[in-house]
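Here is what each chain is made of, one letter per residue.
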Amino acid sequence: MSGSDTLNRALFDDVMVPNYNPAAIIPVRGEGSRVWDQSGREFIDFAGGIAVNCLGHCHPALVKALNEQGNKLWHLSNVMTNEPALQLAKTLVDSTFAERVYFANSGAEANEAALKLARRYALEHHGEEKDQIIAFTQGFHGRTFFTVSVGGQPAYSDGFGPKPGGIDHLAYNDIEGFKALISDRTCAVMLEPIQGEGGIVPADAEFLRQVRELCDQHNALLIFDEVQTGVGRTGKLYAYEHYGIAPDILTTAKALGGGFPIAAMLTTAKVAASLKVGTHGSTYGGNPLACAVANAVLDVVNTDAVLNGVAQREAQLRAGLEAINAKFDVFSEVRGKGLLMGAVLNEQYKGKARDFLVASVDEGLMCLVAGANVVRFTPSLVIPEADLAEGLARFERAVAKVVNG
Ligand SMILES: *Cc1c(COP(=O)(O)O)cnc(C)c1O
């Protein structure tokens, strides 16, 4: 196989910045929920590139869209608009609470835009004093300096000098604490409907309802970071639909491009008006190639067949994990929604999530962790039943390996 002699894991350490520690295997090809490495070894993919490959690898509809647009027009910049971007914005507006769309290239960028917009909006409508952003511990919103500071994991935000100010953190789902903290000084509240990186922790419905109400009372914008929960992941196009409330701003990325980098910030016409010409921008945001792929993603995902299929697959995955737990007693809980699922390790295996991930790769399964105590599963929304079953069988062997040392 070309390259495998010289393009190996050892080379990574010689030529890459050491901020990642990738696995030893190097995948070279994927199809549906299966992936093959340089030596031809096959893996089942329950990781989906961290909840990105929502239609698996090389889905024919996405390959077609990429090829067709690739032969037409790749990039213009925002000096001009383009047909795929207009179509994608129209689809997102028609399918959600939103009336206006801003395109970016990553979750962090969409969140950066959301936070800057919230600050602008507050300044325009209420004055300089209204600058407080409330966010939650263990939340994750990306790695730009503003978003990582709003995220609730000091390990990610410390060590880079002075941080952007006006940000306060609170325990997730702590409604009493929230009531005490929010005031007319609050500009925005940012949260994930299910904390992803923080351990697959769902928000209480009552907590979200009250947060919405208090934001309205204090003229604070509610920002839902749906970068991980969006685009069908939980069985609805966006997770907010489960709760009967809508945010003022929603960010979406990861699965939006099915593996092609694209993100969007969705909001109302009134809020959007504060991002006037020249206030914010991106060279690539809304580029025709990315938008063409995202249009194909939504054409497939935003259908009853795929969204209802998520609930069926969730049931199969949950039952499989519970059965493994009944045999080996390793989890205290299996939680999450749709195909965003976390198996929480019990006291005996606390801190060992990575051991389960490493054992899974040995058994031919790609999965994820969410912190040190949670094994995370985010397979394709259209993973075939047989692949789900085979992946669970491989995971069971991995669990047996960890349990038996
Ligand atoms: C992954 C993630 C981000 C960051 O997205 P990038 O594309 O890596 O910038 C932000 N918020 C949430 C909830 C995420 O899961």
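Residues numbered from 1 in each chain as written. Predicted model: local features only at pLDDT ≥ 70, side-chain atom pairs only at ≥ 80, totals over all residues. Heavy atoms only, no water.

- Under the annotation held in an unreviewed UniProt entry, the protein carries the name Acetylornithine aminotransferase and is attributed to Ferrimonas balearica.
- Looking at the protein in UniProt, the text filed under Pathway (unreviewed entry) is "Amino-acid biosynthesis; L-arginine biosynthesis; N(2)-acetyl-L-ornithine from L-glutamate: step 4/4."
- Its UniProt record, at the heading Catalytic activity (unreviewed entry), says of the protein: "N(2)-acetyl-L-ornithine + 2-oxoglutarate = N-acetyl-L-glutamate 5-semialdehyde + L-glutamate". (UniProt positions renumbered as here; feature names shortened; annotations may be inferred.)

Observations regarding the sheet that holds strand β12 (residues 263-267)
By way of backbone hydrogen bonds, the strands of a sheet pair with one another, either parallel or antiparallel.
Now for step 1: Taken in spatial order, the seven strands make up an open sheet running β4-β12-β11-β10-β7-β5-β6, and their pairing is mixed. On the outer flanks of this sheet lie β4 (100-104) and β6 (167-170), each paired with one strand and no other. Recorded for the sheet is a direction-independent mean angle of 20 degrees between the axes of neighbouring strands.
Now for step 2: Running over the sheet, helix α5 (residues 107-126) touches β4, β5 (132-136), β7 (186-191), β10 (221-225), β11 (249-252) and β12 and is turned about 30 degrees from β12. (Pairing = 2+ DSSP bridges. Helix = DSSP H or I, 4+ residues; strand = E, 2+ residues; numbered from the N terminus. Axes fitted to C-alpha atoms, helices over the stretch in contact; angles between N-to-C directions. Contact = heavy atoms within 4.5 Å.)

Notes on the sheet that holds strand β2 (residues 34-37)
Now for step 1: Ordered by their spatial adjacency, four strands build an open sheet running β1-β2-β3-β15, and the pairing between neighbours is mixed. If you trace the sheet from one side to the other, it starts and ends with β1 (27-31) and β15 (365-366), each paired once.
Now for step 2: Relative to β2, β1 runs antiparallel, the two being bridged by four bridges. Across the sheet, the residue bridging to Gly30 is Val35, located in β2.

Observations concerning the site of the ligand
Now for step 1: Around the ligand, the surrounding shell consists of Ser106, Gly107, Ala108, Asn111, Phe140, His141, Gly142, Glu192, Asp225, Val227, Gln228 and Lys254.
Now for step 2: For the ligand, a nitrogen atom lies 3.2 Å from a polar atom in the backbone of Phe140.
Now for step 3: Interatomic distance of 2.6 Å between a side-chain N/O atom of Lys254 and an oxygen atom of the ligand.
Now for step 4: Considering the ligand on its own, with 390 Å² of exposed area, one finds that the protein chains cover 81% of that surface.
Now for step 5: A total of three residues in the shell around the ligand trace back to one element, the largest contributor, which is α5.
Now for step 6: Looking at the shell around the ligand residue by residue, the classes come out as three nonpolar, six polar and three charged. (Near = heavy atom within 4 Å. Polar contact = N/O pair within 3.5 Å; in protein donor to acceptor, adjacent residues only side chain to side chain. Areas by Shrake-Rupley, 256 points an atom, 1.4 Å probe, with all protein chains shown as cover. Nonpolar A, V, L, I, M, F, W, Y, C, P; charged D, E, K, R; others polar.)

So, the packing of aromatic side chains
Each aromatic ring pair is summarised here by two numbers: the centre-to-centre distance and the angle between the ring planes.
Now for step 1: Applying the stated criterion to the full structure yields twelve aromatic pairs.
Now for step 2: Measuring from ring centre to ring centre gives 6.1 Å for Phe46 and Phe377, while their planes differ by 80 degrees; the resulting arrangement is edge-to-face. Residue Phe46 is found in the loop between β3 (42-45) and α2 (48-51), and its partner Phe377 is found in strand β17 (residues 374-377); the two are separated by 331 residues along the sequence. This pair shows no difference in class: Phe46 is buried, exactly as Phe377 is.
Now for step 3: For the ring pair Phe331 and Phe395, a centre distance of 6.5 Å and an interplane angle of 5 degrees mean the geometry is stacked. (Phe/Tyr/Trp six-rings, centres within 6.5 Å; stacked < 30°, edge-to-face > 60°. Buried < 20%, exposed > 50% of the residue type's maximum accessible area, 1.4 Å probe, protein only.)

Considerations on the UniProt feature "binding site: pyridoxal 5'-phosphate" (unreviewed entry) in the protein
Now for step 1: The residues that UniProt annotates with the feature "binding site: pyridoxal 5'-phosphate" (unreviewed entry) are Gly107, Ala108, Phe140, Asp225, Glu226, Val227, Gln228 and Thr283. A maximum C-alpha distance of 24.9 Å shows the annotated residues, which cover 177 residues in sequence, to be distributed over more than one spot.
Now for step 2: Among the structural elements, Phe140 can be located in the loop between β5 and α6 (145-150).
Now for step 3: Phe140 gets classed as buried once you look at its relative accessible area, which sits at 18%.
Now for step 4: Leaving out residues up to four positions away in the same chain, Phe140 has contacts with Gln153, Tyr156, Glu192, Glu197 and Asp225.
Now for step 5: As for its placement among the helices and strands, Asp225 is situated in strand β10.
Now for step 6: On the basis of relative accessible area, Asp225 is assigned to the buried category, the value being 4%.
Now for step 7: Those residues within four positions of Asp225 in sequence are excluded, and the remaining contacts are Asn111, Phe140, His141, Leu191, Glu192, Pro193 and Thr251.
Now for step 8: Within the local environment of Asp225, its side chain forms a polar contact with the side chain of Asn111, the two groups lying 2.9 Å apart.

Topic: the domain arrangement of the protein
Now for step 1: Structurally, the protein comprises domain 1 (9-58 + 304-403) and domain 2 (73-301).
Now for step 2: Distance between the C-alpha centres of domain 1 and domain 2: 27 Å.
Now for step 3: Across the boundary between the two partners, domain 1 contributes 24 residues, which contact 24 residues of domain 2.
Now for step 4: Carbon and sulfur atoms make up 66% of the surface buried where domain 1 meets domain 2, a total of about 2000 Å² over both sides.
Now for step 5: Among the residues of domain 1 in contact with domain 2, Leu307, Lys337 and Leu340 are the three that bury the most area, contributing 29% of the side total.
Now for step 6: At the junction of domain 1 and domain 2, the tally comes to one salt bridge.
Now for step 7: Here Arg376 makes a salt bridge to Glu197, at a shortest N to O gap of 2.9 Å.
Now for step 8: On inspection of domain 1 and its partner domain 2, the count reaches six residue pairs in polar contact (both at pLDDT 80 or more).
Now for step 9: Within the residue set of the side of domain 1 that touches domain 2, elements represented by two or more residues are α2, α12 (304-328), β13 (331-337), β14 (340-345) and β17.
Now for step 10: Of the residues that constitute the side of domain 1 that touches domain 2, the class distribution is 15 nonpolar, six polar and three charged. (Domains from an automatic or database assignment. Buried area = accessible area lost by both parts, 1.4 Å probe. Salt bridge = Lys/Arg side-chain N within 4 Å of Asp/Glu carboxyl O.)

A short note on the UniProt feature "binding site: N(2)-acetyl-L-ornithine" (unreviewed entry) in the protein
Now for step 1: According to UniProt, the "binding site: N(2)-acetyl-L-ornithine" (unreviewed entry) feature falls on Arg143 and Ser282.
Now for step 2: Looking at the secondary structure, you find Arg143 in the loop between β5 and α6.
Now for step 3: Here Arg143 is in contact with Ala108, Val148 and Tyr156, once residues within four sequence places are set aside.
Now for step 4: Tracing the backbone through its elements, the reader meets Ser282 in the loop between α10 (269-272) and α11 (288-301).
Now for step 5: Of the polar contacts made by the side chain of Ser282, one reaches the side chain of Asn105; its length is 3.3 Å.

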